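Each chain, written out:
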Amino acid sequence: MFAVHLMAFYFSKLKEDQIKKVDRFLYHMRLSDETLLDIMARFQAEMQRGLGKDTNPTASVKMLPTFVRAIPDRSENGEFLSLDLGGSKFRVLKVQVSEEGKQKVQMESQFYPTPNEIIRRSCAFSLQLFEYVADCLADFMKTKGLTHKKLPLGMTFSFPCWQTKLEEGVLLSWTKKFKARGVQDTDVVNRLTKAMKNHKDIDVDILALVNDTVGTMMTCAYDDPSCEVGVIIGTGTNACYMEDMSNIDLVEGDEGRRGHLMPGRLSVVTSYPSQAPDTLLPRGPGPQHLVTPPSPHPTPAAVEVPGLPQAVYTPRSLEAANLALICSPNCRFEKMISGLYLGELVRLILVKMTKAGLLFGGKKSSSLHTKGKIETRHVAAMEKYKEGLANTREILTNLGLEPSEADCIAVQHVCTIVSFRSANLCAAALAAILTRLRENKKLARLRTTVGVDGTVYKIHPQYPKRLHKVVRRLVPNCDVRFFLSESGSTKGAAMVTAVAARVQAQRKQVDQVLALFRLTREQLVGVRDKMRAELEYGLKRDTHLLATVKMLPTYVCGMPDGTERGNFLALDLGGTNFRVLLVKIRSGRRSVRMYNKIFAIPLEIMQGTGEELFDHIVQCISDFLDYMGLKGVPLPLGFTFSFPCRQTGIDKGILIEWTKGFKATDCEGEDMVDMLREAIKRRNEFDLDIVAVVNDTVGTMMTCGYEDPNCEIGLIAGTGSNMCYMEEMRNIEVVEGDEGKMCINTEWGGFGDNGCIDDIRTQYDKEVDEGSLNPGKQRYEKMTSGMYLGEIVRQILIDLTKQGLLFRGQISERLRTRGIFETKFLSQIESDRLALLQVRRILQQLGLDSTCEDSIVVKEVCGAVSRRAAQLCGAGMAAIVEKRREDQGLEHLKITVGVDGTLYKLHPHFSWILQETVKELAPKCDVTFMLSEDGSGKGAALITAVAKRLQQAQKEN
């Protein structure tokens, strides 16, 4: 018994001594967590540089775009072909993807050899290679009885390509002993397409060119939708992930799924720089040539960039939200990780240790000195849990060596250090990607899945658990599931193709809807000309009552001249909030100071009786005068009343009809100034001089006219839409007098109520109109104003959801709720600075559980609706400025438009589109748009001041 213990102690001591001996020799290959965190940080920094258009050329992580737009959503179905070209033989598959979320994928495949004379001889031309591939594809289709079908095809092409589209890829350089001439710097998809034309009996549509790492991610994502990272750890090493398009400066536009980054040996997308170890890995002294074995394919000088491993970033499309990115190393960093080099690293270390007399008694063998004699499969075999030592002895003996027990233990430990370092480096790069994903999503904790493929990961007995353990230690705030891919590269290419086919079909349906909102120049010219005709009808005595554009005289006959002064009370009623203001105007300095208080108008008051409404208004005035200490002070008052009124004087306004949700009874057809005066008398606390009743559009024009004498037009583009302008008195037939000018409140919201713009109204406009408080009226306003744009978007989203194009075909109760999609959400969603994840959060606030693809479509819908609104508004404005130019007999008109309204102020694109439309439709008019500051309140006071000035001038005359 004692002898057994003695022998056990001896072997234990022997093993400990040998391990210490190897550890001392290879101490520089041990990487601490501190070192790995440093590598991870440097890798992240280089990823960021690789995403930038300006920094990409010098970045060691290149981040080349792949334009993979989305991961599978389980709605894919149909038959697809897949082609995998990247080695000594290639594979053709037919993949049947089932529908209705069954996640059933059936595959039939055939391998074809790739003859050496085609791939390895530099004299062979591209035609030979791609004609051979096309011949094999035709053979497969005939064998499987597919010649009568038109099938989409995805092509896995495991060589570095620059992509500008999913179905296009320009070969940067051959790797893996491929040398066919005439292919580099050309589109490989185009080459194959031309070659397939020789086969008239097959019909194939190449939809996707895919890197093998992307294929791995897509294969795993079909089974696990949370998979957003793909990693290959095999002969080469590579990784990909879905990046937010807004971060990818390389591709114009910021929408997209998320791009992937693939770090790996394959120089396919980008290579890790040959200098990477010097800048990425802090190293102590040691045999430098052992760190990176010589390569049969040295890195070209052009890519020997100091820094971190290079990466290929695969962005999505211009319309998409995120992109797949690829990082693929082909230099020193990869040579410390991938299976092509691990065995050679072990061999070089064994040679060095033998020369030092630390192994095999210093005795060498010719096999040990022969390059490639130790392969990665041997490393894996030597590290097996139970058979490892026996395997080590057998492998060393086959190399012509006579290893002792101590030699076998030492060699086994060398393998452990080399493969452990590989797993550590791979973990650091992967941890950098996971951290970026988490930060992109602004999450405290990330839950995601990493799809993995590759022989090292699959056959090495210790590699997976080492990799998993280190990744989780480096990123403790990430919950990572590792998912082993089955037939990743080829099945993945089919999945990319299936997703591309789905997206393509959905895109066509979405485009059909969005096309309804894209107005041609001819249509906009038609709107301009029809608007001009309605303006003329509204001004003429005979047609005034029939015109849809009411052209209401305001009896505002002058603009501020800078001499106005005094204290004025202003009221502003136009929505659910009512404002009372004290406006102090000082002449000469053009100084205006304002004090105001906001009061709510409850819904029961808005839709109660007229007496209740005006009593509430007077109560608010009383509260304000108490607050300001002005009760009993005689003040002239201007009343901004933002509803269509027919005026017979500046202080007389008969309400034509309520809008904006107001329904107070006994008001329509009554003079609003008289109703206000009666309410003041009923309260009997104060007396006010009501000088003017004013539309908010007129107030806006007057406010801007106080600063710019060229301002003769006012525009409101907000909750409502309206415009006013100074018209020549001679043209206003409904008012006596031919001298001077008068401001006309157009009330253009009713334009089109006679059906003249029905050709551009959509089914969604009609649904919004029919569900409004005033169906059949204000049709132009319902296509241009903030009160209705969100509702148009909601109707479109419901329709797209019914078609299965949004929200997985599920219409939530929130989406069914009228008014839930406010116009402010359009402004937020269309912001250029808003990433898709933020769009998703906005939609989630609305109870809409959206994917990134849903967010892209919602953003496009919002853009189409708001763009049309701005263009229609611009066409109407073009009609006005052209009329002013012609009335004044000018070849060229210079004029200013005062503008107010939340849509114009807050929407990121509305103002620009409106201005560009005016410029295009009224090229002889130089129009300046001036943003109004508090137009409705300040404007009412200015109109009151101008009216008082004109009254005084009349008295003096």
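Since the structure is predicted, the reported quantities are computational estimates derived from the model, not experimental observations.

A. Expanded view of the overall build of the protein. Along the backbone of the protein there are 29 helices and 29 strands. Burial statistics for the protein: of 957 residues in total, 61% are counted as buried. In the protein, once contacts between residues fewer than 6 apart in sequence are set aside, the share between residues at least 24 apart is 73%. For the protein, the accessible area works out to roughly 37,800 Å², and carbon and sulfur atoms hold 49% of it.

B. A look at helix α12 (residues 405–441). Under the 1.5 Å per step criterion, the end-to-end length of α12 is 53 Å for 37 residues, consistent within 8% with the ideal 54 Å. Of all 37 residues in α12, 34 are buried, a share of seventy percent or more. Directly after α12, the chain includes K442, whose backbone phi takes a positive value near 55°.

C. Representation of the sheet that holds strand β29 (residues 925–931) within the structure. Read from one edge to the other, the open sheet built from 6 strands follows the order β17-β27-β26-β25-β28-β29, with strand pairing classed as mixed. Two strands close off the open sheet at either side, each with one partner strand: β17 (552–553) and β29.

D. Main features of the packing of helix α2 (residues 33–51) against α12. Running from N to C, α2 and α12 point in directions that differ by 55°, and their axes come no closer than 8 Å. The orientation of α2 relative to α12 falls into the category oblique. For the pair α2 and α12, the crossing hand works out as right-handed. Contacts between α2 and α12 involve L36, I39, M40, F43, Q44, M47, Q48 and L51 on the former and, on the latter, N424, L425, A428, A429, A431, A432, I433, T435, R436 and E439. Tallied by class, the residues present in the contact of α2 with α12 amount to 12 nonpolar, 4 polar and 2 charged.

E. Structural detail: the packing of α2 against helix α14 (residues 463–474). The N-to-C vectors of α2 and α14 enclose an angle of 75°; their axes lie 11 Å apart at closest approach. Classified by the interaxial angle, the pair formed by α2 and α14 is roughly perpendicular. Here D33, L36, L37 and M40 of α2 lie close against α14, whose contacting residues are V470, R473 and L474. Here the contact of α2 with α14 is built from residues that sort into 5 nonpolar, no polar and 2 charged.

F. View of the pattern of salt bridges. Tallied over the entire structure, the rule returns 54 salt bridges. A salt bridge links R42 to D38; the shortest N-O distance between them is 2.9 Å. Residue R42 and its partner D38 are both found in helix α2; the two are separated by 4 residues, about one turn of the helix. The partly exposed category is assigned to R42, whose relative accessible area is 32%.

G. Seen up close, the pairing of strand β25 (residues 711–717). With respect to burial, β25 is a largely interior element, 7 of its 7 residues being buried. With 5 bridges joining them, β25 and strand β28 (residues 893–900) adopt parallel strand pairing. Each bridged residue has a counterpart across the sheet, and for L715 the counterpart in β28 is V899. Where β25 and strand β26 (residues 721–728) come together, 5 bridges link them in antiparallel fashion. Looking at β26, one finds that G714 is bridged to C724. Taken together, β25 and the strand that follows it, β26, pair antiparallel across an intervening segment of 3 residues.

H. Here's a closer look at unusual backbone geometry. The residue D185 is not glycine, and still its phi comes out positive at about 70°. Along the chain, D185 turns up in the loop between β7 (168–171) and α5 (188–196). Given a relative accessible area of 57%, D185 falls into the exposed group. Phi is positive for Y555, close to 65°, though the residue is something other than glycine. Topologically, Y555 is positioned in the loop between β17 and β18 (566–573).

I. Main features of the environment of E728. In this structure, E728 sits in strand β26. Classification of E728 as buried rests on a relative accessible area of 11%. For E728 and Q888, which are 160 residues apart along the polypeptide, the C-alpha to C-alpha distance reads 9.0 Å. If near-sequence neighbours (up to four positions away) are discounted, E728 is found in contact with G740, K741, R884, D887 and Q888. For E728, the side chain forms a polar contact with the side chain of R884, separated by 3.3 Å.

J. Seen up close, the sheet that holds strand β8 (residues 203–210). On the basis of which strands lie adjacent, the open sheet formed by 5 strands has the order β4-β3-β2-β5-β8 and mixed pairing. Each edge of the open sheet carries a strand with a single partner, namely β4 (105–113) and β8. On average, each strand axis in the sheet is tilted by 25° relative to the strand beside it, whichever way the strands run. Bridge count for strand β2 (residues 78–85) against strand β3 (residues 89–97) is 7 bridges, and the pairing is antiparallel. Looking across to β3, one finds that E79 is bridged to Q96. Running over the sheet, α5 touches β2, β5 (150–157) and β8 and is turned about 165° from β8. In the packing of helix α6 (residues 212–223) onto the sheet, contacts are made with β3, β4, β5 and β8, and the angle to β8 comes to roughly 100°.

K. View of the confidence of the model for the protein. Looking at the protein, the pLDDT average stands at 83 and 86% of residues meet or exceed 70. Summarising per-element confidence for the protein, the mean pLDDT is lowest in strand β13 (residues 312–314) (26) and highest in helix α28 (residues 910–921) (97). This model gives residues 1–11 a pLDDT under 50, and the stretch forms 1 contact once residues within four places in sequence are excluded. Within the model, the stretch residues 253–323 combines pLDDT values under 50 with 395 contacts to residues more than four positions away or in other chains.

L. Representation of a negative patch on the surface within the structure. Taken together, the side chains of E611, E612, D666 and E670 present a region of like negative charge at the surface. Note on placement: E611 falls in helix α18 (residues 610–628). Overall, E611 belongs to the partly exposed group, its relative accessible area being 49%.

M. View of the packing of aromatic side chains. Evaluation of the coordinates by the stated rule reveals 13 aromatic pairs. For the ring pair F641 and F643, a centre distance of 5.0 Å and an interplane angle of 55° mean the geometry is tilted. F641 gets classed as buried once you look at its relative accessible area, which sits at 1%. Note that K597 overlies the ring of Y627, its terminal NZ or CZ placed 4.5 Å from the centroid.

N. Highlighting the side chain of T784. Here T784 shows up in helix α22 (residues 781–784). A distance of 3.4 Å separates polar atoms of two side chains, one belonging to T784 and the other to S721. Within polar-contact distance, the side chain of T784 engages the backbone oxygen of Y780 at 2.9 Å. In this view, T784 contacts S721, L789, A869, L872, C873, L903 and F910; residues no more than four positions away in its chain are not counted.

O. Molecular detail of helix α23 (residues 786–802). Under the 1.5 Å per step criterion, the end-to-end length of α23 is 25 Å for 17 residues, consistent within 8% with the ideal 24 Å. Summarising burial for α23: 15 of the 17 residues are buried, a large majority. Just beyond α23, the residue with positive phi is G804, at close to 80°.

P. Quick peek at the environment of S721. Within the secondary structure layout, S721 lies in strand β26. Not counting the four nearest positions on each side in its chain, S721 is found in contact with I716, W748, G749, E781, T784 and S785. Polar contacts involving the side chain of S721 include one to the side chain of W748, which spans 3.2 Å.

Q. Representation of the side chain of D900 in the model. Tracing the sequence through the fold places D900 in strand β28. A polar side-chain atom of D900 sits 2.9 Å from a polar atom in the side chain of K905.

R. Representation of the environment of R393 within the structure. Among the structural elements, R393 can be located in helix α11 (residues 388–398). Sequence spacing of R393 and P403 is 10 residues, and the spatial spacing of their C-alpha atoms is 6.6 Å. Discounting residues that sit within four places of it in the chain, R393 has contacts with P403, S404, E405 and C408.

S. View of the pairing of β18. Of all the 8 residues making up β18, 6 are buried; the element is thus mostly covered by neighbouring parts of the structure. In terms of strand pairing, β18 meets strand β19 (residues 577–586) through 8 bridges, oriented antiparallel. Counted as the bridge partner of F568 is V583 from β19. Here 5 bridges tie β18 to strand β21 (residues 636–641), and the two strands are oriented parallel to one another. Residue pairing for β21: A570 is matched across the bridge by G638.

Quick notes on the rules
- Residues numbered from 1 in each chain as written.
- Predicted model: local features only at pLDDT ≥ 70, side-chain atom pairs only at ≥ 80, totals over all residues.
- Heavy atoms only, no water.
- Helix = DSSP H or I, 4+ residues; strand = E, 2+ residues; numbered from the N terminus.
- Buried < 20%, exposed > 50% of the residue type's maximum accessible area, 1.4 Å probe, protein only.
- Contact = heavy atoms within 4.5 Å.
- Areas by Shrake-Rupley, 256 points an atom, 1.4 Å probe, with all protein chains shown as cover.
- Expected span 1.5 Å × (residues − 1).
- Pairing = 2+ DSSP bridges.
- Axes fitted to C-alpha atoms, helices over the stretch in contact; angles between N-to-C directions.
- Parallel < 35°, antiparallel > 145°, perpendicular 65-115°, else oblique.
- Left-handed = near helix turned anticlockwise from the far one by under 90°.
- Nonpolar A, V, L, I, M, F, W, Y, C, P; charged D, E, K, R; others polar.
- Salt bridge = Lys/Arg side-chain N within 4 Å of Asp/Glu carboxyl O.
- Polar contact = N/O pair within 3.5 Å; in protein donor to acceptor, adjacent residues only side chain to side chain.
- pLDDT = per-residue confidence, 0-100.
- Patch = residues over 30% accessible without salt bridge, like charges linked within 9 Å, V, L, I, M, F, W, Y side chains within 5 Å.
- Lys, Arg positive; Asp, Glu negative; His and termini not counted.
- Charge placed at Lys NZ, Arg CZ, Asp CG, Glu CD.
- Phe/Tyr/Trp six-rings, centres within 6.5 Å; stacked < 30°, edge-to-face > 60°.
- Lys NZ or Arg CZ within 6 Å of the ring centre and 35° of its normal.

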